[in-house]
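Overview (structure and organization)
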Amino acid sequence: MERTCLAIILAAGESTRMKSALSKVLHPVAGRPMIAHVVDALASASISDVALVVGRDADAVSAAASTGTAKVFSFLQKERLGTAHAVLAAREAIEKGYDDVLVIFGDTPLITGAPLKAARERLAEGNDVVVIGFETADPTGYGRLIVKDGELFAIREHKDASEEERRITYCNGGLMAISGAKALDLLGRVGNANAKGEYYLTDLVEIVRSLGGRAIAVEAREEELTGCNTRAELASIERLWQQRRRQELMLAGVSMIAPETVFLAWDTELAQDVLVEPNVVFGPGVRVESGAVIHAFSHVEGAHVRAGATVGPFARLRPGADLGPKSKVGNFCEVKKAEIGAGAKVNHLTYIGDAFVGAGSNIGAGTITCNYDGVNKHLTRIGENTFIGSNSSLVAPVAIGDGALVASGSVITENVPADAVAFGRARQEIKPGRAPILRERYEAEKAARKKVKAAE
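**A look at the side chain of arginine 246**
- Relative to the helices and strands, arginine 246 is located in helix H9 (residues 231–251).
- No salt bridge forms around the buried arginine 246; measuring N to O, its nearest opposite-charge neighbour glutamate 260 is 6.5 Å away.
- Among the polar contacts made by the side chain of arginine 246, one reaches the main-chain carbonyl oxygen of proline 259 at a distance of 2.7 Å.
- For arginine 246, the side chain forms a polar contact with the main-chain oxygen of valine 262, separated by 2.8 Å.
- Sequence-distant contacts of arginine 246, defined by excluding residues within four places in its chain, comprise Met256, Pro259, Glu260, Val262, Phe263 and Leu264.

So this is what it looks like as structure tokens:
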């Protein structure tokens, strides 16, 4: 029978060092609140029951943690009296009788399911407390894990450690798994006889040993246990997350010419044989299919780029952009809530919004769909194999039929039938000798303005 597990996420800190009106765990990593990353890691370790200990921004934190299939129950911590005290804020959930109780922090968005699974496996072997630790080249400031013959004897804080203990590089990551059957008893035995008068979760190691139980440690990678207290640490976490995700994608068959310049969102999907050039930013909700090329300095968000399509350089795809197979959106183009058909080309200096562009069509430079009338957005529909001349304005709602040609510089306000040619522009007029007169008028007006300004 599969063991049950309750994960308790501690997310009630005041996060004053973030210098923000927003709770720390709501700050985004890869475009998503960091606490949502933590919940995802729990799900990957087959943990679906979550007790969320909240304080500041309680409702918003609870909403951010309620992702996927996780069942999240929130508990308000009214006082801040240490980590063990915070865990007991979720007493009602612990009392339901889970096999395993896992304590994790809401500001560790780099954690993965692997060490959480390892901790649970060691509980299943009969251990009572499992601490998740890490090896580090510089252990200064961290609590040391005192391990002998595979057993964890104590967690010694840096300031209390002896010179020999300070040479230990195996450190406490703060995360802990506890036997569900013993959790409430052990937590109830934690005292506050310390300088701060707080109840520390780390005391469980010596408590369980004093009762004849067994505590051990399992190791996670150092970066997985990186916590966040300041904006500088948030930037460091973002960097580490991006590095990890880029590596995963490249190993899966994505090419990145300068990976350190490519920025991904938490849900970016890049298929095998996608090529991403330097300085590309992906916002949330992007899917790029095999063989597509995202050229340099492009920004893509909420878009679907189908097989063999090309984007950029210097292109912007906004939410709702859907590029068909082998289509092209070129330099200095913006596409929003629009479908670009297979093989269609929107080559340069163009805005296509709230529109449909049929397969094989060519949209000339400087073309814009005038989709907004000041109140409502309207649809522009361009058929297959149409040609829209440069610098044309298509005033929605309007439809241009298959095979139609629109002359350069046209303003199209009425539907154009299939295979028709549309000239939507005024007749050209020439007034010989008028330019010098206009220039003289301009200079006179300029001089008058200077006089007025001087008088003031």
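**Quick word on the environment of serine 390**
- As for its placement among the helices and strands, serine 390 is situated in the loop between strand E30 (387–388) and strand E31 (393–395).
- Sequence-distant contacts of serine 390, that is, excluding residues within four places in its chain, are made with Gly364, Ala365, Thr367, Ser408 and Gly409.
- Within the structure, the side chain of serine 390 is placed 3.5 Å from the backbone nitrogen of alanine 365, a separation counted as a polar contact.

**Examining the pairing of strand E7 (residues 129–135)**
- Most of E7 is tucked away, with six of its seven residues classed as buried.
- Taken together, the seven bridges between E7 and strand E10 (residues 170–179) define a ladder with antiparallel strand orientation. Across the sheet, the residue bridging to phenylalanine 134 is cysteine 171, located in E10.
- Of the pairings in the sheet, the one linking E7 to strand E11 (residues 215–219) comprises five bridges and is parallel in character. By the bridge assignment for E11, valine 131 is matched with alanine 217.

**Here's the deal with the packing of helix H1 (residues 34–44) against helix H2 (residues 58–65)**
- Orientation of H1 relative to H2, taken along the N-to-C sense of each, is 40 degrees, at an axis distance of 8 Å. Considering their axes alone, H1 and H2 lie oblique with respect to each other. The interaxial crossing formed by H1 with H2 has right-handed handedness. Each of Ile35, Ala36 and Val39 in H1 lies in contact with H2, whose residues at this interface are Val61, Ala64 and Ala65.
- Grouping the constituent residues of the contact of H1 with H2 by class yields six nonpolar, no polar and no charged.

**Section: the pairing of strand E1 (residues 5–11)**
- Burial analysis of E1 places seven of its seven residues in the buried class, which makes it a mostly covered element.
- Going residue by residue along E1, you find Cys5, Ala7, Ile9 and Ala11 tucked away on one face and Leu6, Ile8 and Leu10 tucked away on the opposite face as well.
- Sheet topology note: the E1/strand E6 (residues 100–105) ladder contains six bridges and is parallel. Paired with alanine 7 across the strands is leucine 102, a residue of E6.
- Pairing analysis gives six bridges linking E1 to strand E4 (residues 49–54), with the strands arranged parallel. Bridging across to E4, isoleucine 8 finds its partner in alanine 51.

**Regarding the packing of aromatic side chains**
- Taken as a whole and assessed by the stated rule, the structure comprises three aromatic pairs.
- When the centroid spacing of 5.0 Å and the interplanar angle of 90 degrees are considered together, the rings of phenylalanine 134 and tyrosine 142 count as edge-to-face.
- Owing to a relative accessible area of 4%, phenylalanine 134 belongs among the buried residues under this scheme.
- A centroid spacing of 5.1 Å and a plane angle of 10 degrees characterise the contact between phenylalanine 314 and phenylalanine 332, whose relative ring orientation is stacked. In this pair, phenylalanine 314 is assigned in the loop between strand E20 (310–311) and strand E21 (316–317) and phenylalanine 332 in the loop between strand E23 (328–331) and strand E24 (334–340), connecting sequence segments 18 residues apart.

Calculation rules
Residues numbered from 1 in each chain as written. Predicted model: local features only at pLDDT ≥ 70, side-chain atom pairs only at ≥ 80, totals over all residues. Heavy atoms only, no water. Helix = DSSP H or I, 4+ residues; strand = E, 2+ residues; numbered from the N terminus. Buried < 20%, exposed > 50% of the residue type's maximum accessible area, 1.4 Å probe, protein only. Lys, Arg positive; Asp, Glu negative; His and termini not counted. Salt bridge = Lys/Arg side-chain N within 4 Å of Asp/Glu carboxyl O. Polar contact = N/O pair within 3.5 Å; in protein donor to acceptor, adjacent residues only side chain to side chain. Contact = heavy atoms within 4.5 Å. Pairing = 2+ DSSP bridges. Axes fitted to C-alpha atoms, helices over the stretch in contact; angles between N-to-C directions. Parallel < 35°, antiparallel > 145°, perpendicular 65-115°, else oblique. Left-handed = near helix turned anticlockwise from the far one by under 90°. Nonpolar A, V, L, I, M, F, W, Y, C, P; charged D, E, K, R; others polar. Phe/Tyr/Trp six-rings, centres within 6.5 Å; stacked < 30°, edge-to-face > 60°.

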